[in-house]
Amino acid sequence: APRALLAIADRRERNAGYAYSSTNFLALGLVLEAAASEPIDELLRRHVFEGFGLAATTFEPGRVRGAYVHGHERASRDGIATGRLRDTHERTARSAWAAGAAVSTAADLDVFFTRVLAGPLGRRMRPRGEDRYGLGLARFATNCGPVVGHTGNLLGTITVVWTRGDRVLIVAANAFPLTPEQETRLQLLLTRAFCGQA
């Protein structure tokens, strides 16, 4: 549960410097629920999914139903993917909750990122100066210049969104963690698809 995960994180020693953490999104979800006196699924539906016209995006902390990409997960050791892939369709995204328990389509992701980045919210979310990460958006270096976007992995899937004023790239894979060879091939695919070159 979100509160239990926050309690675990709160017991850990604090480190200096930057480290990405989904725990902050769990805390934000609890703050939003308390401030609005409404559950996060209703807030997301009304203010984000309907607000941005995302007809095929839902909040799914339980088991996902219907047609969707099935994730495949494998064990990893010291950051290296090992073992056989296992279908994750029987598992839920409960522990991800406000940090990533949403199911969407490439078309909806395109609409969302395009609309967010065109307005004042997108300007506040972007990394500032030389920072790599801002408020929900990261800067990525490519062969054709910097882009902003986000990556996420959950239940044996990974989604990458890169955007610049003239284009949006959305790539999803249904296996995670990736082997070193798969990681190299994914990076090559992203570069070729976004920049048109290796």
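These numbers were taken from a predicted model, which means no experiment stands behind them. (Residues numbered from 1 in each chain as written. Predicted model: local features only at pLDDT ≥ 70, side-chain atom pairs only at ≥ 80, totals over all residues. Heavy atoms only, no water.)

## Examining the sheet that holds strand E7 (residues 138-140)
Reading across the sheet, the four strands line up as E7-E8-E9-E10 and stay open at both edges, with antiparallel pairing between neighbours. Of all strands in the sheet, those bounded by a partner on one side alone are E7 and strand E10 (167-173). Each neighbouring strand pair of the sheet contributes to a mean axis angle of 30 degrees, computed without reference to strand direction. When strand E8 (residues 147-154) meets strand E9 (residues 157-164), the two strands line up antiparallel, connected through seven bridges. Opposite histidine 150, over in E9, you have valine 161 as the bridge partner. Against the sheet, helix H4 (residues 106-118) engages E8, E9 and E10, with an angle of about 140 degrees to E10. Against the sheet, helix H6 (residues 180-195) makes contact with E8, E9 and E10, and its axis sits at roughly 155 degrees relative to E10, the strand it touches most. (Pairing = 2+ DSSP bridges. Helix = DSSP H or I, 4+ residues; strand = E, 2+ residues; numbered from the N terminus. Axes fitted to C-alpha atoms, helices over the stretch in contact; angles between N-to-C directions. Contact = heavy atoms within 4.5 Å.)

## Topic: the packing of aromatic side chains
Enumeration over the complete set of coordinates arrives at four aromatic pairs. Ring plane angle 35 degrees and centroid distance 6.0 Å describe the contact between phenylalanine 140 and tryptophan 162, whose orientation is recorded as tilted. With phenylalanine 140 in strand E7 and tryptophan 162 in strand E9, this pair connects stretches of sequence that are 22 residues apart. Comparing phenylalanine 140 with tryptophan 162 shows no difference in burial state: the two are buried. (Phe/Tyr/Trp six-rings, centres within 6.5 Å; stacked < 30°, edge-to-face > 60°. Buried < 20%, exposed > 50% of the residue type's maximum accessible area, 1.4 Å probe, protein only.)

## Thoughts on unusual backbone geometry
Here the residue pair phenylalanine 176 and proline 177 is connected by a cis peptide bond, since its omega of 0 degrees sits within 30 degrees of zero. Backbone geometry places tryptophan 97, a non-glycine residue, at a positive phi of 40 degrees. Within the element layout of this structure, tryptophan 97 appears in the loop between strand E5 (86-87) and strand E6 (102-103).

## Brief notes about the confidence of the model for the protein chain
In this model, the protein chain carries an average pLDDT of 90, and 99% of its residues clear a pLDDT of 70 or more. Within the protein chain, helix H3 (residues 40-49) carries the highest mean pLDDT (96), whereas helix H1 (residues 2-10) carries the lowest (80). (pLDDT = per-residue confidence, 0-100.)

## Some details on a nonpolar patch on the surface
On the surface, a cluster of nonpolar side chains totalling about 250 Å² of accessible area is made up of Leu28, Val31 and Leu32. Residue position: valine 31 is located in helix H2 (residues 23-36). (Patch = residues over 30% accessible without salt bridge, like charges linked within 9 Å, V, L, I, M, F, W, Y side chains within 5 Å. Areas by Shrake-Rupley, 256 points an atom, 1.4 Å probe, with all protein chains shown as cover. Salt bridge = Lys/Arg side-chain N within 4 Å of Asp/Glu carboxyl O.)

## Some thoughts on H6
Given a rise of 1.5 Å per residue, 16 residues ought to cover 22 Å, and the 22 Å separating the end C-alpha atoms of H6 matches this to within 8%. Listed in full, the buried residues belonging to H6 are Leu186, Leu190, Thr191, Phe194 and Cys195. Along the axis of H6, the buried residues cluster in a sector spanning 130 degrees; they form a single face. In this structure, H6 carries Thr184 and Arg185 as exposed residues pointing more than 90 degrees from its buried face. Where H6 is buried, its residues meet E8, E9 and E10. (Expected span 1.5 Å × (residues − 1). Arc of directions from axis to C-beta.)

## With respect to the pattern of salt bridges
Counted under the stated rule, the structure contains nine salt bridges. Here arginine 45 makes a salt bridge to glutamate 42, at a shortest N to O gap of 2.3 Å. One end of the pair is arginine 45 and the other is glutamate 42, both in helix H3 and three residues apart, which spans about a single turn. With relative accessibility at 33%, the residue arginine 45 sits in the partly exposed group. Its relative accessible area of 23% is what places glutamate 42 among the partly exposed residues. For arginine 91, the salt bridge is made with glutamate 73, and the minimal N-O distance between the two is 2.4 Å.

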